Amino acid sequence: MRVLLTGGAGFVGHHIIEHLLKTTNWEIILLDRLDLSGNLNRVHEVIRSYDTKGRLKWVYHDFKAPVSSSTNSQIGKVDCILHVGASTHVDRSITDPLEFVYDNVVGTANIIEWMRVYQRDAKMIYFSTDEVFGPAAGDIAYTEWSRYDSRNPYAATKAGGEELCLAYANTYQLDIRITHCMNIFGERQHAEKFIPLVIKKVLDGGTVFIHANAEKTKAGSRFYIHARNVANAVSFVLHVGCAREKYNIVGSEEVDNLTLAKMIAEVIGKPLQYELVDFHSSRPGHDLRYALDGGKMEMLGWKPPVDFTPSLERTVLWTIKNKHWL
Ligand SMILES: NC(=O)c1ccc[n+]([C@@H]2O[C@H](COP(=O)([O-])OP(=O)(O)OC[C@H]3O[C@@H](n4cnc5c(N)ncnc54)[C@H](O)[C@@H]3O)[C@@H](O)[C@H]2O)c1
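What counts, and where the lines are drawn
Residues numbered from 1 in each chain as written. Predicted model: local features only at pLDDT ≥ 70, side-chain atom pairs only at ≥ 80, totals over all residues. Heavy atoms only, no water. Core = buried A, V, L, I, M, F, W, Y, C linked by side-chain atoms within 4.5 Å. Buried < 20%, exposed > 50% of the residue type's maximum accessible area, 1.4 Å probe, protein only. Helix = DSSP H or I, 4+ residues; strand = E, 2+ residues; numbered from the N terminus. Contact = heavy atoms within 4.5 Å. Patch = residues over 30% accessible without salt bridge, like charges linked within 9 Å, V, L, I, M, F, W, Y side chains within 5 Å. Areas by Shrake-Rupley, 256 points an atom, 1.4 Å probe, with all protein chains shown as cover. Salt bridge = Lys/Arg side-chain N within 4 Å of Asp/Glu carboxyl O. Pairing = 2+ DSSP bridges. Axes fitted to C-alpha atoms, helices over the stretch in contact; angles between N-to-C directions. Domains from an automatic or database assignment. Buried area = accessible area lost by both parts, 1.4 Å probe. Polar contact = N/O pair within 3.5 Å; in protein donor to acceptor, adjacent residues only side chain to side chain. Nonpolar A, V, L, I, M, F, W, Y, C, P; charged D, E, K, R; others polar.

Within the largest apolar cluster, 32 residues are counted, with the highest numbers of intra-cluster contacts made by Ile16, Leu82, Phe127 and Ile184. The set of elements that each furnish at least two residues to this core consists of strand E1 (2–6), helix H1 (11–23), strand E2 (27–32), strand E4 (80–83), strand E5 (123–129), helix H8 (227–240) and strand E11 (246–249). For this core, the element with the highest residue contribution is H8, accounting for 8 residues. Among all residues touching Phe127, those that are not within four sequence positions of it are Val12, His83, Val84, Lys158, Thr179, Cys181, Ile184, Val230, Val234 and Ile249. In this structure, Ala212, Leu260, Ile264 and Ile268 belong to the second largest nonpolar core, which totals 24 residues.

Now the structure itself:
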């Protein structure tokens, strides 16, 4: 098998590389443009433990541009395409929305057009997000085909990419599957994200600002999931999933951000100093609660291989030993 992975130097991408190196003998072609979130050191650190001879190939390409025939020749014929690369920082999407339209909508169109012209027989996974459904009030959990309700340009551009994938799959009979994933954490995550940020604040004795409702009585919550579990789910969808279907990838339990910060402080063994802040005024475009229904994947036989608490402990302990990622 030969697989093309876009966004291979990103946080999720490099965990998928490690998973594939560990569990398959596939050849992996990594396509990335190495922007401010793409970092080759991630890949360098994980591949040290594996014999990668003949199994890894880099293709430098910005998918805002169409894949040319010469880039296609560099890639060669592939059996599957994992389209994971995207512009991902919500706050940047608010200050520079068009960049996100080019990367996530036009970029996805370029990848599926390349698939239509050169790689018709490949299977593809488009890696989308829970944010396309918007906030989940009360105890709502969105199913795979729930309506979109984007609250920031990032979410809207991911939804746009999703719809293009469906349109291409239906019109040209391509095997494209879509996943929605909840908040991912793990080793080598970008230091601006919540879990590395809390680790750094607790280590430095700083105050952690936790997003809450307007009354500042209830912290926001998520179903956090470790990137290794996500990589496992992506393989599962590749093997068990069907063309033109969508799959929710959900963590094993819902955790509010205050409980999460306390758990992190406990693993580190230092006190947590925190302040609850009204998320509407502090972070426009962010939602208090996101939630997906993971019943479809569960019915097919998938559940996260490792539970949330041990995954979190392992990530925190690893990060303390590898502070250069903070
Ligand atoms: N991290 C999460 O919590 C989360 C949750 C749900 C879904 N997702 C989705 O997972 C995917 C990966 O997220 P991540 O956290 O690893 O992001 P990331 O920002 O760490 O990595 C994205 C990668 O894509 C590359 N990239 C971006 N635009 C590109 C372009 N035009 N051409 C070539 N390469 C380009 C970047 O260089 C980077 O290596 C994204 O599609 C995101 O929408 C992430």
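Let's pick the thread back up.
A few words on a nonpolar patch on the surface. A cluster of nonpolar residues, Leu98, Tyr102 and Val106, forms a patch on the protein surface that exposes about 270 Å² of accessible area. Judged by its relative accessible area of 32%, Val106 falls in the partly exposed class.

What follows deals with the sheet that holds E4. Sheet architecture is open: 7 strands sit in the order E3-E2-E1-E4-E5-E6-E11, paired in parallel fashion. Among the strands making up the open sheet, the edge pair consists of strand E3 (56–60) and E11. Across the sheet, the axes of successive neighbouring strands diverge by a mean angle of 20 degrees, strand direction being ignored. Strand direction decides the pairing type here: E4 and E5, joined by 4 bridges, are parallel. Paired with Leu82 across the two strands is Ile125, which belongs to E5.

Turning next to the domain arrangement of the protein. How big an interface is tends to be stated in terms of the accessible area lost upon association of its parts. Each assigned domain of the protein is listed here: domain 1 (2–184 + 223–249) and domain 2 (190–222 + 255–289 + 307–320). Computed from C-alpha coordinates alone, the two centres of domain 1 and domain 2 are separated by 27 Å. Each partner contributes to the interface: domain 1 provides 24 residues, whereas domain 2 provides 20 residues. Where domain 1 abuts domain 2, roughly 1,700 Å² becomes buried across the two surfaces, and 47% of that area is made up of carbon and sulfur atoms. Counting across the domain 1 and domain 2 interface gives 6 residue pairs in polar contact (both at pLDDT 80 or more). Elements represented by at least two residues in the side of domain 1 that touches domain 2 include exactly helix H2 (40–47), helix H4 (90–95) and H8. Considering every element that reaches the side of domain 1 that touches domain 2, the biggest residue donor is H4, with 3 residues. Partitioned by chemical class, the residues of the side of domain 1 that touches domain 2 number 9 nonpolar, 9 polar and 6 charged.

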